[in-house]
Each structure stands twice: as C-alpha cells, then as structure tokens.
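In case you want the letters, here they are:
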Amino acid sequence: ADHVHVVAQLKPGVLQILHSGSSEPEKYFVAGGFSITHDNSVTDISCPEAVKIDDIDSAAVSSAFDAAKSAFASAEAGSKEAALAQIDMEVTKAMGAAVG
C-alpha cells in the first residue's frame, strides 16, 4: 500500500488475470492499452480489445500476418498505409507468439 500511482502502456501480448482464490490465470491477448496501478495496489486495465488465448485461430493469425506483410511491401515508404501495415504485422506477430 501507499504506492505512487503508476500508468504504463501495454504492448501487444498476453495479459494474465489471476482472480482471488484461483491458482490458474485467465489468459488474454491484447493489442495494447494502459494499466493504472493505484496507491492501494489495485490495477485497472484499459484496452480496446481482449481475446481469450484459447479462442484464437493460429491459422487465421498466420494468414493475417502474411496479408499485413504483403500490404507493407506494396505500400509507399513513409505512407499511412505502410504505417498501418507495420502495426498489423507487429500485432499479428505478437499474437502468433502468444498462441505458439
């Protein structure tokens, strides 16, 4: 207790939630977001989307990565399209690592 409030940016990856009285965490993939830890050690998570790891289709992730890679390769360097494709590649790469 008596901690300083901490705000941190979440990168694409696995978010684990361990509920009181449970020994097994729930695992979600998040594309990003923020965590806010309050002075009483309670942490709030704010993210636009969270998907249970068990609900992710690895073949669909692989296909999405290939599509993002193709979009990046065909986009003009420095363009908005290239930036969006790069984000898609980073997120799908992290998602692929999360599902194994």
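Residues numbered from 1 in each chain as written. Predicted model: local features only at pLDDT ≥ 70, side-chain atom pairs only at ≥ 80, totals over all residues. Heavy atoms only, no water.

Visitor: Looking at this structure, I do not really get the sheet that holds strand β3 (residues 26-30). What am I missing?
Guide: Think of a sheet as strands paired side by side through backbone hydrogen bonds, with each pair either parallel or antiparallel. Across the sheet, 3 strands lie side by side as β2-β3-β6; this open sheet has antiparallel pairing. Pairing within the sheet leaves two strands with one partner each, and these edge strands are β2 (13-17) and β6 (50-52). The mean angle between the axes of side-by-side strands here comes to 40°, regardless of whether they run parallel or antiparallel. Sheet analysis places β2 next to β3, joined by 5 bridges and oriented antiparallel. Residue pairing in the sheet places Gly13 in a bridge with Val30 of β3. (Pairing = 2+ DSSP bridges. Helix = DSSP H or I, 4+ residues; strand = E, 2+ residues; numbered from the N terminus. Axes fitted to C-alpha atoms, helices over the stretch in contact; angles between N-to-C directions.)

Visitor: I would appreciate a short explanation of helix α1 (residues 58-74) in the present structure.
Guide: Count 3.6 residues to each turn of an α-helix, and residues three or four apart come out pointing the same way. The terminal C-alpha atoms of α1 lie 24 Å apart, and with 17 residues this matches the ideal 24 Å at 1.5 Å per residue to within 8%. Structurally, the start of α1 carries an N-cap: the backbone nitrogen of Ala59 is 3.0 Å from a side-chain oxygen of Asp57. (Expected span 1.5 Å × (residues − 1). Polar contact = N/O pair within 3.5 Å; in protein donor to acceptor, adjacent residues only side chain to side chain.)

Visitor: Just checking my understanding: could you explain the environment of Ser35 for this structure?
Guide: Locating Ser35 in the fold gives a position in strand β4 (residues 33-37). Overall, Ser35 belongs to the buried group, its relative accessible area being 12%. C-alpha of Ser35 to C-alpha of His19: the two residues are 16 residues apart in sequence and 17 Å apart in space. What Ser35 contacts, discounting residues up to four positions off in sequence, is Val6, Val7, Ala8, Leu10, Thr43, Asp44 and Ile45. (Buried < 20%, exposed > 50% of the residue type's maximum accessible area, 1.4 Å probe, protein only. Contact = heavy atoms within 4.5 Å.)

Visitor: Would you mind going over the sheet that holds strand β5 (residues 43-46) with me for this structure?
Guide: The antiparallel open sheet is built from 3 strands, whose spatial order is β1-β4-β5. The open sheet terminates on both sides in strands that have one partner only, identified here as β1 (6-10) and β5. The sheet shows a mean angle of 20° between the axes of neighbouring strands, direction not considered. Note: β4 against β5, 4 bridges, orientation antiparallel. Directly across from Ser35, in β5, lies its bridge partner Ile45.

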